[in-house]
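Working through the structure, step by step
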Amino acid sequence: MADHAAATSTLPSSNFDAVIVGAGFAGLYMLHRSRGLGLKVRVFEVGAGVGGTWYWNRYPGARCDVESMQYSYQFDEALQQEWEWSERYSGQPEILSYANHVADRFNLREDIQFETRVESVHFDEETERWSICTDRGNPVSAQFVIMATGCLSSTNMPDIPGMDLFAGDIHHTGQWPHGGVNFDGKRVGVIGTGSSGIQAIPLIAEQSEHLTVFQRTAQYAIPAANRPLGADEQADVKAKYPEFRAENSLYPNAFSLRMPLNETSALDVDDDERDREYEARWREGGFTFSWSFGDLGLDLDANATAGEFVRGKIRELVRDPETAEKLCPDTVLGCKRLCLDTGYFETFNRPNVDLVDISKQEIDRITTNGIETGGREYKLDAIVFATGFDAMTGTLLAMDIRGRDGLTLQEKWSAGPGTYLGLGIPGFPNLFTISGPGSPSVLTNMIVSIEQHVDWIADCISAMSKRGHRTIEATLDAEENWVEHVNAVANETVYPACNSWYLGANIPGKTRVFMPLLGFPPYVEKCDEVAANGYEGFTLT
Ligand code: FAD
Ligand code: NAP
């Protein structure tokens, strides 16, 4: 393995110990750890800068919904002490500045090749190395390939007839122009009311002349109650940051909330007590609402009481009763990811905002002048697609990844993504997926999950080097048992009860499999156990 000094002086080189794809939070930390192991490493990144999600998603209102003091790295105490967050939930510009700060602080850029898309990754069985081709030419080879390509990095652009006819501008929230978009004096249409749409809509309503929201499924949203982060509050956390982080990693989603989980059943209390609990958490803001009762994620009847409470709030907040009814979700609360909002429902009281329900009559076509649905044309100057992502698998499957015997990842995953621990795939030796399907990833504070994966991979590579192993590969048995486990855990909950992107249901034709694993602490225990038992479930050569 090359030393770091060699790595930094060999940018044109073509043989690496490890190639990392992606320079978001996963790729940045993986690079840092790889260097610490003395690996000669190269990162390839499509974007012109670091930050991943926060580099691409620059739409108005983009911010995290895990609180800033938690949505950040913990691997370096000095880093977490020196960085100051300004709000309870940081906005995209601040998170992007943080990612840039990390890249500068640890001199990461010198090993990152920006504006370079990895197109193919093929395993050569003779040399037991991967060959990596990019859109810049100059193929490189590496012993290890680490996919830090993100769970929400392939935008979902629906195939609506007439897209190319539209005379105005079309934007997707996940690929927002860097210079921003001027909506002044414009008639704007937003398609999609998930987390991105719900964050963007209130601001686009303020910035535009008229906004039409096209809603296919009404969504539950809880007030974020965002506010400036007090210096005292920040200092209190910093005074015990390692303990705070350790405690948070013991929660199922790897983050703590401002009010503790109420373990009582929602069905064991009377209506007044139930409403008092929901009201207190609604006021506190954030995901605390989903901890109102212990069985909201487990029991559909309990869950329905939370849904009814939110519908009551929507009817209070939205003045026009017909619009309020259209905004009332009738799905299981939290089964699609719960949204946090800032003035979302109130936005529909504005005179320049209309809601079009497309739940029964989808958009027929896009015309030169706007959007046609239900026999009417809505005249628009700009259309914003807040239509989400081909989550968890889209970015990986967009590459030509071939393992042993030329097996493509597309073939391997034709019946849904199979992995062991979300980290390894049989037939694809020495290829790791950070936050891969089958790991807690998107159901957690993702920076915590990313760090756990990166540490596990780095420790694994180090152990292999010490023991003289050249390859590590998940076994088919381990994969099959793991996929079964992931689905069995989900089936104990309300999660499979709706058409969410967790199930791949947002992408026409995508196989329906529950992709992330619920429960961070038992997962970490399992990963540690696997490593302690000599990487059981993997074959090492
Ligand atoms: P990404 O940040 O997605 O980075 C992947 C990188 O890989 C991208 O830069 C991409 O360009 C690059 N890449 C992909 N394919 C290739 C290729 N073929 N060649 C080269 N480069 C490639 N999570 C939370 O925990 N809390 C939150 O509050 C939260 N808010 C979010 C808000 C939004 C709007 C979105 C979209 C997601 C949010 N997430 C949140 C999830 C977020 O994606 C993760 O928290 C985290 O930023 C993911 O980091 P990553 O490095 O794994 O992936
Ligand atoms: P999303 O949750 O998948 O929402 C997409 C929206 O577009 C849904 O309302 C969907 O309707 C609609 N849609 C999709 N295809 C459509 C079509 N053909 N016609 C009409 N409507 C269509 O995507 P997202 O809002 O970008 O969020 C994705 C994930 O990113 C979130 O769940 C979260 O994990 C993360 N995120 C987090 C934050 C945050 O607050 N920190 C912000 C943004 C994103 P249906 O529901 O009917 O499919």
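Just so it is clear, the structure is predicted and the values come from calculations on it, not from any experiment. (Residues numbered from 1 in each chain as written. Chains lettered and ligands numbered in written order. Predicted model: local features only at pLDDT ≥ 70, side-chain atom pairs only at ≥ 80, totals over all residues. Heavy atoms only, no water.)

**Considering the domain arrangement of the protein**
Splitting the protein by domain gives domain 1 (14-154 + 391-540) and domain 2 (163-230 + 248-385). Between the C-alpha centres of domain 1 and domain 2 there is a distance of 29 Å. Contact residues are listed per partner, giving 36 residues for domain 1 and 43 residues for domain 2. Where domain 1 abuts domain 2, roughly 3,400 Å² becomes buried across the two surfaces, and 54% of that area is made up of carbon and sulfur atoms. Sorting the residues of domain 1 by area buried against domain 2 places Tyr59, Arg88 and Val494 first, and these three jointly supply 21% of that buried surface. Residues Arg258 and Glu67 are paired through a salt bridge, measuring 2.6 Å at the closest nitrogen-oxygen approach. Summed over the shared surface of domain 1 and domain 2, the result is 21 residue pairs in polar contact (both at pLDDT 80 or more). Only α3 (53-56) and α16 (520-532) provide two or more residues apiece to the side of domain 1 that touches domain 2. (Domains from an automatic or database assignment. Contact = heavy atoms within 4.5 Å. Buried area = accessible area lost by both parts, 1.4 Å probe. Salt bridge = Lys/Arg side-chain N within 4 Å of Asp/Glu carboxyl O. Polar contact = N/O pair within 3.5 Å; in protein donor to acceptor, adjacent residues only side chain to side chain. Helix = DSSP H or I, 4+ residues; strand = E, 2+ residues; numbered from the N terminus.)

**Considerations on the site of ligand 2**
The environment of ligand 2 is formed by 23 residues, the closest being Thr193, Ser196, Arg216, Thr217 and Lys336. Within the backbone of Gly194, a nitrogen or oxygen atom sits 3.5 Å from an oxygen atom of ligand 2. Lys336 places a side-chain nitrogen or oxygen 2.5 Å from an oxygen atom of ligand 2. Isolated, ligand 2 exposes 910 Å² of accessible area, and the fraction of that covered by the protein chains is 88%. A total of three residues in the shell around ligand 2 trace back to one element, the largest contributor, which is helix α6 (residues 195-207). (Near = heavy atom within 4 Å. Areas by Shrake-Rupley, 256 points an atom, 1.4 Å probe, with all protein chains shown as cover.)

**Considerations on the pattern of salt bridges**
Pairs can form between side chains of opposite charge whenever their charged atoms are close. Applying the stated criterion across every chain, the model contains 33 salt bridges. Of the charged contacts in the structure, one is a salt bridge between Arg35 and Asp111, with a shortest N-O distance of 2.8 Å. With a gap of 76 residues between them, Arg35 in helix α2 (residues 25-36) and Asp111 in the loop between α5 (92-105) and β3 (112-113) connect regions that are remote in the sequence. On the accessibility criterion, Arg35 (10% relative accessible area) is buried. For Arg105, the salt bridge goes to Asp76, with nearest N and O atoms at 4.0 Å. Highlighted residues: Arg105 in helix α5 and Asp76 in the loop between α3 and α4 (77-82), separated in sequence by 29 residues. You can call Arg105 partly exposed: its relative accessible area is 31%. (Buried < 20%, exposed > 50% of the residue type's maximum accessible area, 1.4 Å probe, protein only.)

**Digging into the packing of α2 against helix α14 (residues 446-467)**
At their nearest, the axes of α2 and α14 sit 9 Å apart, and the two run at 30° to each other. For the crossing formed where α2 meets α14, the hand is right-handed. Contacts from Phe25, Ala26, Tyr29, Met30 and Arg33 of α2 reach α14 at Ile447, Ile450, Glu451, Val454, Asp455, Ile457, Ala458 and Asp459. For the contact of α2 with α14, the residue count by class is nine nonpolar, no polar and four charged. (Axes fitted to C-alpha atoms, helices over the stretch in contact; angles between N-to-C directions. Left-handed = near helix turned anticlockwise from the far one by under 90°. Nonpolar A, V, L, I, M, F, W, Y, C, P; charged D, E, K, R; others polar.)

**What about the nonpolar core?**
Within the largest apolar cluster, 116 residues are counted, with the highest numbers of intra-cluster contacts made by Phe25, Leu421 and Trp456. Both domains that furnish three or more residues to this core are identified here as domain 1 (14-154 + 391-540) and domain 2 (163-230 + 248-385). In this view, Phe25 contacts Trp54, Tyr71, Tyr73, Ile95, Tyr98, Ala99, Ile447 and Ile450; residues no more than four positions away in its chain are not counted. One finds Val121, Phe123, Ile401 and Leu409 within the second-largest nonpolar core, a separate group that totals 21 residues. (Core = buried A, V, L, I, M, F, W, Y, C linked by side-chain atoms within 4.5 Å.)

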